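# Coordinate analysis (summary)
Listed here are the chains, written in short residue letters.
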Amino acid sequence: MREIITLQCPECKNKNYSTTKNKKTTTGRLEFSKFCNTCRKHTDHKETK
């Protein structure tokens, strides 16, 4: 039931992280505060397709 998703930095558009989510319980897009190595700071990484 869990699906692998990738997280993308909104500033530099790099896909830095991957994680899983349950599609039945979490229908919206995930957003985590993660460290981006390209930007060298914490940004809110958002789920991509």
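Presented here is a report on the structure given in the accompanying data block. No experiment lies behind these values; they were computed from the predicted model shown.

Next up on the list: the pattern of salt bridges. Opposite charge on two side chains lets them pair, provided their charged atoms get close. Tallying each qualifying case throughout the model produces three salt bridges. Taking the shortest distance from any N to any O, the salt bridge between K23 and E3 comes out at 3.4 Å. Pair noted here: K23 is in the loop between β2 (15-22) and β3 (31-36) and E3 is in strand β1 (residues 2-8), with a separation of 20 residues, a long-range link. A residue is classified by how much of its surface remains accessible, and K23, at 48% relative accessible area, is partly exposed. With relative accessibility at 31%, the residue E3 sits in the partly exposed group. Between K21 and E47 there is a salt bridge whose closest N-O contact spans 3.1 Å. Here E47 lies in strand β4 (residues 41-48) and K21 lies in strand β2, a separation of 26 residues in the sequence. Judged by its relative accessible area of 11%, E47 falls in the buried class.

This paragraph deals with the pairing of β3. Looking down a regular strand, the side chains alternate between one sheet face and the other. Sheet analysis places β3 next to β4, joined by six bridges and oriented antiparallel. Counted as the bridge partner of S33 is D44 from β4. Hairpin connection of β3 to β4: four residues between the antiparallel strands, including R40 at a positive phi of 65 degrees.

What counts as what
Each residue is numbered by its place in its chain's sequence as written, counting from 1. Only residues with pLDDT of at least 70 get local features here, since the model is predicted, and only at 80 or more are side-chain atom pairs given and counted; chain-wide, interface and lining totals rely on the full set of residues. Here the side-chain values reflect all heavy atoms present in the structure, with hydrogen atoms and water set aside. Any carboxyl oxygen of Asp or Glu within 4 Å of a side-chain nitrogen of Lys or Arg constitutes a salt bridge here. Secondary structure counts use DSSP, requiring at least four H or I residues in a row for a helix and at least two E residues in a row for a strand, with both numbered from the N terminus. For every residue, the accessible area (1.4 Å probe, protein chains only) is compared with the maximum for its type, and the residue is labelled buried under 20%, exposed over 50%, or partly exposed between those bounds. Strands qualify as paired when DSSP identifies two bridges or more between them.

Just distances and angles here, no functional claims.
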